[in-house]
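Spelled out, the chains give:
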Amino acid sequence: MASSMSSRMRDGVDRNAPAYWDARFAEDGFAYGTEPNDFLRLVADRLPGGDALCLCEGEGRNATFLAQRGMRTTAMDFSAVALRKAEGLAAQRGLRLQILCCDLAGFDPGVGRWDVITMIFGQPDPLLRRALYARLAACLRPGGALVLETKVEEDAGSDSRYPGSPVLCAELLGLDFAIARDSTRVLREGRYHDGEQRTAQILAFRPGYP
Ligand SMILES: C[S@@+](CC[C@H](N)C(=O)[O-])C[C@H]1O[C@@H](n2cnc3c(N)ncnc32)[C@H](O)[C@@H]1O
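Owing to the predicted nature of the structure, the values given are computational and were not obtained by experimental measurement.

The rules behind these values
The numbering scheme is per chain: residues are counted from 1 as the chain's sequence reads. Only residues with pLDDT of 70 or above have their local features reported here, since the model is predicted, and side-chain atom pairs are shown and tallied only from 80 upward, although totals for entire chains, interfaces and linings are computed over all residues. Hydrogens are left out, water is left out, and the side-chain values use all remaining heavy atoms of the structure. By convention in this text, a residue qualifies as near a molecule or strand provided that one of its non-hydrogen atoms is within 4 Å of it. Whenever a nitrogen or oxygen atom comes within 3.5 Å of another N or O atom, the pair is scored as a polar contact, on the condition that within protein one atom can donate a hydrogen and the other can accept it, and that pairs from neighbouring residues in sequence are kept only if both atoms are in side chains. The Shrake-Rupley method, run with a 1.4 Å probe, gives the accessible areas here. Residue values count only the displayed protein chains as cover. To qualify as a helix, a DSSP run of H or I must reach at least 4 residues; to qualify as a strand, a run of E must reach at least 2; elements of each kind are numbered from the N terminus. The residue classification treats Ala, Val, Leu, Ile, Met, Phe, Trp, Tyr, Cys and Pro as nonpolar and Asp, Glu, Lys and Arg as charged. All others, Gly included, are polar. By definition, two strands form a pair when at least two bridges between them are found by DSSP. Only the contacting stretch of a helix is used when fitting its axis, a line to C-alpha atoms as for every element, and angles between N-to-C directions run 0 to 180 degrees. It only takes one pair of heavy atoms within 4.5 Å for two residues to be counted as in contact. When a residue's accessible area, from a 1.4 Å probe over protein chains only, is under 20% of the maximum for its type it is buried; when over 50% it is exposed; and in between it is partly exposed. Viewed with both strands pointing away, a crossover whose connecting path from the first strand over the helix to the second turns clockwise is right-handed. Every case where a carboxyl oxygen of Asp or Glu lies within 4 Å of a side-chain nitrogen of Lys or Arg is listed as a salt bridge. We call Phe, Tyr and Trp rings a pair once their centres come within 6.5 Å, taking the six-membered ring for Trp, and we label the pair stacked below 30 degrees between planes, edge-to-face above 60, and tilted otherwise.

Draft legend 1. Layout of the site of the ligand. Around the ligand lies a shell of 16 residues, among which Cys56, Arg61, Asp77, Leu104 and Ile120 are the nearest. A distance of 3.3 Å separates a nitrogen atom of the ligand from a polar backbone atom of phenylalanine 78. With respect to the ligand, the backbone of leucine 104 contributes an N or O atom lying 2.9 Å from a nitrogen atom. In isolation the ligand has 590 Å² of accessible area, and contact with the protein removes 96% of it. Residue assignment for the shell around the ligand shows that the elements contributing at least two residues are helix H2 (18-25) and helix H4 (61-68). For the shell around the ligand, the per-class residue count stands at 9 nonpolar, 3 polar and 4 charged.

Shown next as structure tokens:
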């Protein structure tokens, strides 16, 4: 419990509060840019088509990318400010997104509903993450894919917000892992992701044929 609280209130800010994120997304421009995440772009050709759910999607750079590739795409986040920008970004590109403004904590992604789920730098509280990761496989259709990139802190365990891929893979039940790796890379994804960062990257599939 103590580690969960310290993760929640690190640096005196509550990253679990929509207000924290609304303030960031109310700034001019796009906090993480308008181009998709590098890892999502890298694996895009390995993803099935159909229905995509982008969890903790922020201002829509990844959802718009998948919609541009022909997927029916839902952008989910608890920041209403971010999702308005996501809708605007999609409209600029002649696209439409389904928008879901809600907290991961009470969110039911359904069963066998999605061909692709992304979670790009969505780094929820560890209790919430573990509960979500235990059921993500069931939310995918057989053959469906999960694409995940997240910040990593050295030696972080499962009570941390930022564990590496061995911990994350153990929490992601019922998936086959095509890529699961940690590396230090240079992020150039908007002004909040600019510089060297250790990250975990995971591409995993629900076993079975579509
Ligand atoms: C680092 S940003 C990443 C945004 C986006 N995925 C991207 O890569 O551009 C983290 C996002 O997670 C969202 N978020 C954090 N906790 C959440 C929660 N409990 N429920 C829904 N969204 C949440 C924030 O609003 C924010 O948009």
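Draft legend 2. Molecular detail of the sheet that holds strand S7 (residues 194-205). One open sheet accounts for 7 strands, arranged S3-S2-S1-S4-S5-S7-S6; its pairing is mixed. If you trace the sheet from one side to the other, it starts and ends with strand S3 (98-101) and strand S6 (176-188), each paired once. Strand after strand, the sheet turns through a mean of 15 degrees between neighbouring axes, direction not considered. Sitting on the sheet, helix H5 (residues 80-92) touches strand S2 (72-77) and S3, and the angle it makes with S3 is about 175 degrees.

Draft legend 3. Focus on the pairing of S2. Burial runs high along S2: 5 of the 6 residues are buried. Sheet analysis places strand S1 (residues 51-55) next to S2, joined by 4 bridges and oriented parallel. Bridge pairing in S2 links leucine 53 to threonine 74. Handedness of the crossover is the feature at issue here: the chain leaves S1, passes through H4, returns alongside S2, and the resulting connection is right-handed. In this structure, S2 lies alongside S3, joined through 4 bridges in parallel fashion. If you follow alanine 75 over to S3, its bridge partner there is isoleucine 99. Once the chain exits S2 it traverses H5 before rejoining the sheet at S3, and the crossover so formed is right-handed.

Draft legend 4. View of unusual backbone geometry. Of note, the phi angle at cysteine 56 is positive, near 50 degrees, even though the residue is not glycine. Positionally, cysteine 56 belongs in the loop between S1 and H4. Owing to a relative accessible area of 25%, cysteine 56 belongs among the partly exposed residues under this scheme.

Draft legend 5. Highlighting the pattern of salt bridges. Taken as a whole, this structure holds 17 salt bridges when the rule is applied. Salt-bridge contacts for arginine 141 lead to aspartate 51; the nearest nitrogen and oxygen are separated by 3.0 Å. On the criterion of sequence distance, the pair formed by arginine 141 in strand S5 (residues 140-151) and aspartate 51 in strand S1 is long-range, its members being 90 residues apart. Taken together, the shared-partner salt bridges in this structure form one network comprising Asp38, Arg61, Glu149, Arg185 and Glu189.

Draft legend 6. Structural view of the packing of aromatic side chains. Scanning all chains against the criterion turns up 4 aromatic pairs. Ring geometry for phenylalanine 25 and tyrosine 32: centres 6.2 Å apart, planes at 65 degrees, overall edge-to-face. Given a relative accessible area of 4%, phenylalanine 25 falls into the buried group. Taking 6.1 Å as the distance between ring centres and 50 degrees as the angle between the ring planes, the aromatic pair formed by tyrosine 32 and tyrosine 192 counts as tilted. Of this pair, tyrosine 32 sits in the loop between H2 and helix H3 (38-43) while tyrosine 192 sits in the loop between S6 and S7, placing them 160 residues apart in sequence.

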